[in-house]
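Per-entry structural report
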Amino acid sequence: MMAAAGEEADAASPLDRRLAPLLLFENDRKTADETHLASDGDATLFFYSIPSKQLLRRRVAEMEGHRYWTTPQGWLLMASRSSPATFLWDPFTGARIDLPADLDGFLRGDGPKRCLLSSSNPVAADQDCLVLVVDLAKTVLWHCRLGNAGGDDDGGGRWLKHEYDFAAAGGGATLNGVLGAMRRLTSVGGKFFTSLVNKVVALDFSPAAGPQFAAIPADMNKAARRRPPSGGVSTTELVESQGSVFCVRFSSSDLHMRFVAGVGVFKLDLAAQAWVRAESLGGRAFLVHDGFGASLDPQEVGLKGDCVYYCMRNDKGLYVHDMEHGTTTLRDPSPYLGDHCCTTKFLMPTC
């Protein structure tokens, strides 16, 4: 029974912004792209408010009839299940930004995808915001611009498809290595960045030439100095914070990433073309999980500064790594959720 969760509200009501950021729990029996965590046969969703440490049980009408993908800027990319309609949606205010119709059906197809915005505030009049959808199973990008700022040749008014050469993008990396790197893609200053073992790859959408990749030498292993424990592995997630690129590196003592033995944070120095270890987050709070990275002002959302909030695959727990003390604590969102029954997504407040 879920009696301990917050009261269920009207399906048409937006989520309470005062409770953001939230963890959304998804049922593993569905794909990550088709999110309905059903309980007792209904379309109820479960959310965990990170600042208030409260589990909420809600029905959200827009999420019942759409596929959706989160963004670090808080907006959700929504795709109708019954039509080609697509739009950006703020789950905390109900605000909506119409996007071009998905006439090719790429958002209705199977396979994992990721959505990013080139601007932190896409509704601002002075912003030229590009909406990017990354296919994580194929070397394909889809993009459009809000309104008609770029004209049809730059994706204004329609979705444009771009098939890229993984060898050119990865500079010798394998196909799987490039696809894994595209999962980590993050938006900084109107461009998109990702990391490979010994380089950073920048993706720029030029109105004249289309999407262009450029490699920047920057060796993460050299910056980290220490390798994972014997028999272990490391994974990295990228975060944009106040105009800079940060990398959060998780070292595990086993190949299945069941236990994180260490957390390190590095900042990209573009001038020196190097990763530099960061001793603090500049007072910010980072939220990272499975290709998603976001930075927040902790005072605005009730979190603790200089902490990395992260989740692990097939684990309902929320982990909080304190950079100052070098300690990690575990939060159990609710004993009513099974330990391995859910995957999670962060829902962020918009600007």
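Residues numbered from 1 in each chain as written. Predicted model: local features only at pLDDT ≥ 70, side-chain atom pairs only at ≥ 80, totals over all residues. Heavy atoms only, no water.

The name given to the protein chain in an unreviewed UniProt entry is KIB1-4 beta-propeller domain-containing protein, and the organism recorded there is Urochloa decumbens.

**Remarks on the sheet that holds strand 10 (residues 140-145)**
Where strands meet in a sheet, backbone hydrogen bonds hold them as pairs that are either parallel or antiparallel. The four strands lie next to each other as 8-9-10-11, forming an open sheet whose pairing is antiparallel. The strands lining the two open edges of the sheet, one partner per strand, are strand 8 (113-117) and strand 11 (160-163). With direction set aside, neighbouring strand axes in the sheet form an average angle of 20 degrees. Across four bridges, strand 10 lies against strand 11 in antiparallel orientation. Pairing of Leu141 across the sheet is with His162, part of strand 11. (Pairing = 2+ DSSP bridges. Helix = DSSP H or I, 4+ residues; strand = E, 2+ residues; numbered from the N terminus. Axes fitted to C-alpha atoms, helices over the stretch in contact; angles between N-to-C directions.)

**Let's talk about the pairing of strand 6 (residues 86-89)**
Across the two faces of strand 6 the burial is the same, with Thr86 and Leu88 and Phe87 and Trp89 all buried. One ladder, built from four bridges, connects strand 5 (residues 76-80) with strand 6; its direction is antiparallel. When the sheet's bridge partners are listed, Leu76 is paired in strand 6 with Trp89. Counting the residues that bridge the hairpin from strand 5 to strand 6 gives five residues. Adjacent in sequence and paired antiparallel, strand 6 and strand 7 (residues 96-99) are bridged by six residues, among which Gly94 carries a positive phi angle near 85 degrees. (Buried < 20%, exposed > 50% of the residue type's maximum accessible area, 1.4 Å probe, protein only.)

**Examining the pattern of salt bridges**
Opposite charge on two side chains allows them to pair when their charged atoms are near. Scanning the entire structure with this criterion turns up twelve salt bridges. In this structure, the salt-bridge partner of Asp110 is Arg67, at a minimum N-O distance of 3.9 Å. Residue Asp110 is found in the loop between strand 7 and strand 8, and its partner Arg67 is found in strand 4 (residues 66-69); the two are separated by 43 residues along the sequence. You can call Asp110 exposed: its relative accessible area is 71%. (Salt bridge = Lys/Arg side-chain N within 4 Å of Asp/Glu carboxyl O.)

**Thoughts on the sheet that holds strand 20 (residues 285-289)**
Strands sit in the order 21-20-22-23-24 across an open sheet of five strands; the sheet is mixed. Single-partner strands in this sheet number two, and they are strand 21 (292-296) and strand 24 (327-331). Neighbouring strand axes in the sheet, compared pairwise and without regard to direction, differ in orientation by 20 degrees on average. Two elements, strand 20 and strand 21, share five bridges in a ladder whose sense is antiparallel. What sits directly across from Phe286, in strand 21, is Ser295.

**Topic: the nonpolar core**
By size, the foremost hydrophobic cluster in this structure holds 21 residues, and its most contacted members are Leu23, Ile50, Leu287, Leu303, Tyr309, Leu318 and Phe346. Listing elements by their share of this core, those giving two or more residues are strand 1 (22-27), strand 2 (45-49), strand 20, strand 21, strand 22 (307-310) and strand 23 (318-322). At three residues, strand 21 tops the list of elements feeding residues into this core. Ignoring sequence-local partners within four residues, the contact set of Leu318 consists of Leu23, Tyr48, Ile50, Tyr309, Tyr310, Cys311, Thr329, Leu330, Arg331 and Phe346. Formed by 19 residues, the second largest nonpolar core is a distinct cluster that contains Trp69, Trp75, Phe106 and Cys144. (Core = buried A, V, L, I, M, F, W, Y, C linked by side-chain atoms within 4.5 Å. Contact = heavy atoms within 4.5 Å.)

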